[in-house]
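Spelled out, the chains give:
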Amino acid sequence: MSGAPSETLLDFPDNRLLIDLCGGFDRNLAQVEHALGVQILRRGNVLAVHGEADAIDRAADALQALYRRLEQGRPVEPGDVDAALRFGAAPAPEPSKRGGPAPESQLEMFAGGRLEIRTRKKTVEPRTRTQRDYVKALFDNEMVFGIGPAGTGKTYLAVAVGVSMWLEGRVDRILLSRPAVEAGERLGFLPGDMKEKVDPYMQPLYDALNDLLPPGHVQKAIAEKKIEIAPLAFMRGRTLSNCFVVLDEAQNATEMQMKMFLTRLGEGGRMAITGDLTQVDLPRGVHSGLRQATRLLEGVKGVGLVRFAAEDVVRHPLVARIIEAYDREQGREQPYEQGRDRAPGRGYDRARPRNAAQEAADEAARETPGKREEGDASPG
């Protein structure tokens, strides 16, 4: 009976691969146990999985998928265990007729829907179905919007696809951009030249590049202008041809900035625009260009739109629970899937500190024209 406690025995013939499957101090097995509520015991080359029938089936699928991964010569990290738990079992990839990857692309689509993004330093795989749809959209469309909460891999996967396309020769260069907007803090005037002033805002993009390319390769590519990292304000007047462009934290772009950025796309160019509409750091009354762009461009040919939700968070399980708690506080259910983002100036919109003069100016701006004329005509 489904849900009744039972046991399943899984036989893994190669003891060396089984050691890697279990992980140091059986950490991989512990991760599966914690996620599914099962108990896994090792008896020689056999793993005995105890628990409810449905959970046992999911654990068996995940363990077998991870073992096949090891048989292909690929390592198993905690992130791979998480991906196996989310995706379940997938058939082994069909080998190329020439014994290697398809010559036209570094991207391989497996029979089970798995994707791989190959870079010089590591191979990146989507860990949720939404991430998989997002990666496919990035390869299939000239412009893709990735909307959702923090920790869902929107920016990292976009940078990985850009690096893969650049290494493959499908684009000539990569451009990574962000609006240089303070997240509620007053940083004042930063010392140094222009690069030193904007680098703190761009650091997450540097981190992603350094995770995907070998040491020194990033700096060399930046010096040769093959990779460029620049604030959004520097994009005006440019035409970005044969270039993979990523705009991160796009929720902090104004409507005018967003239109300016989107119209920079040139021949052979690709754009990925990522952001979280619940974390807008623009001043009060300034509307996010990301919200307007997704509303106007959804359904336009060549434009992909992928919405992430809390269940797509791949950082730490606690991050997903934090996001869900904030969503409950706002009285919303599945805001990213339904597209019901909060109105400008509400929800998580963060207003910068305002003094009495600014508040008085706002109040004056809200007066009706009749009131202003009446005031102008009054004595004195």
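Position numbers for residues start from 1 in each chain and track the written sequence from start to end. Reporting of local features is limited, given that this is a predicted model, to residues whose pLDDT is at least 70; pairs of side-chain atoms are given and counted only at 80 or more, and all residues count toward the totals for whole chains, interfaces and linings. The side-chain figures draw on all heavy atoms in the structure; neither hydrogens nor water molecules are used.

S.K.: Help me understand the overall build of the protein, please; the structure alone is not making it clear to me.
M.R.: Secondary structure is summarised from DSSP: a helix means a run of H or I of at least four residues, a strand means a run of E of at least two, and numbering begins at the N terminus for each. Along its length, the protein carries 14 helices and 12 strands. Exposure categories follow from relative accessible area, calculated using a 1.4 Å probe and restricted to protein chains: below 20% of the type maximum is buried, above 50% is exposed, and the middle band is partly exposed. Looking at the protein as a whole, 44% of its 380 residues qualify as buried. Residue contacts are counted whenever heavy atoms from the two residues lie within 4.5 Å of one another. If you take every contact in the protein between residues at least 6 apart in sequence, the share linking residues at least 24 apart comes to 71%. What sets the accessible areas is the Shrake-Rupley method with a 1.4 Å probe; for residues, cover comes only from the shown protein chains. On the protein, roughly 20,200 Å² of surface is accessible, and the fraction owed to carbon and sulfur atoms is 51%.

S.K.: Help me understand the pattern of salt bridges, please; the structure alone is not making it clear to me.
M.R.: Side chains bearing opposite charge may pair, as long as their charged atoms lie close to each other. The salt bridge definition used is simple: a Lys or Arg side-chain nitrogen within 4 Å of an Asp or Glu carboxyl oxygen. Taken as a whole, this structure holds 15 salt bridges when the rule is applied. For Arg69, the salt bridge goes to Asp80, with nearest N and O atoms at 3.3 Å. With a gap of 11 residues between them, Arg69 in helix H3 (residues 53-71) and Asp80 in helix H4 (residues 78-87) connect regions that are remote in the sequence. Owing to a relative accessible area of 11%, Arg69 belongs among the buried residues under this scheme. We classify Asp80 as buried; its relative accessible area is 16%. Here Asp248 ties to Arg178 by a salt bridge, and the two come within 2.8 Å at their closest N and O atoms. Of this pair, Asp248 sits in the loop between strand E10 (243-247) and helix H9 (255-262) while Arg178 sits in strand E8 (residues 173-178), and the two are 70 residues apart along the sequence. The exposure class assigned to Asp248 is buried, which follows from its relative accessible area of 5%.

S.K.: I keep staring at helix H10 (residues 289-297) and nothing clicks. Help me out?
M.R.: Every α-helix winds through 3.6 residues per turn, so residues three or four apart in the chain are directed the same way. Within H10 the residues assigned to the buried category are Gly289, Leu290, Arg291, Ala293 and Thr294. Tucked into the core, H10 has its buried residues touching strand E7 (143-147), H9, strand E11 (270-275) and strand E12 (303-307). Where H10 begins, the side chain of Ser288 points an oxygen toward the backbone nitrogen of Leu290, at a separation of 3.2 Å. Within two residues after H10, Gly299 carries a phi angle of roughly 90°, on the positive side. As used in this structure description, the phrase polar contact means that two N or O atoms lie within 3.5 Å; if the pair is within protein, one of them must be able to donate a hydrogen and the other to accept it, and residues adjacent in sequence are counted only when both atoms belong to side chains.

S.K.: Looking at this structure, I do not really get the packing of aromatic side chains. What am I missing?
M.R.: Here the distance between the centres and the angle between the planes together describe a pair of aromatic rings. Pairs were defined over the aromatic rings of Phe, Tyr and Trp, the Trp ring being its six-membered one, requiring ring centres within 6.5 Å. Orientation was assigned from the angle between planes: stacked under 30 degrees, edge-to-face over 60, tilted for the rest. Inspection of every chain in the model, using the stated rule, returns 2 aromatic pairs. Arranged with centres 4.8 Å apart and planes meeting at 45°, the rings of Phe12 and Tyr67 form a pair that is tilted. Here Phe12 is found in the loop between strand E1 (5-11) and helix H1 (15-22), whereas its partner Tyr67 is found in helix H3, with 55 residues between them in sequence. Here Phe12 matches Tyr67 in class, with each residue buried. When the centroid spacing of 5.2 Å and the interplanar angle of 80° are considered together, the rings of Tyr134 and Phe308 count as edge-to-face. Residue Tyr134 is located in helix H5 (residues 129-140), and its partner Phe308 is located in the loop between E12 and helix H11 (317-329); the two are separated by 174 residues in the primary sequence.

S.K.: I'm lost on the sheet that holds E8 in this one. Help?
M.R.: Pairing between the strands of a sheet comes from backbone hydrogen bonds, and it takes one of two forms, parallel or antiparallel. Read from one edge of the open sheet, 6 strands run E9-E8-E10-E11-E7-E12, paired in parallel fashion. Because the sheet does not close on itself, it has two edges, and the strands there are strand E9 (227-231) and E12. Each strand axis lies, on average, 15° off the axis of its neighbour in the sheet, ignoring direction. Strands pair, by our definition, only if DSSP identifies at least two bridges between them. Where E7 meets E12, 5 bridges bridge the pair, whose relative direction is parallel. Paired with Phe145 across the bridge in E12 is Leu305. Fitted lines through C-alpha atoms give the axes, limited to the stretch in contact for helices. The angle between two N-to-C directions lies from 0 to 180 degrees. H10 contacts E7, E11 and E12 of the sheet and is inclined by roughly 125° relative to E7.

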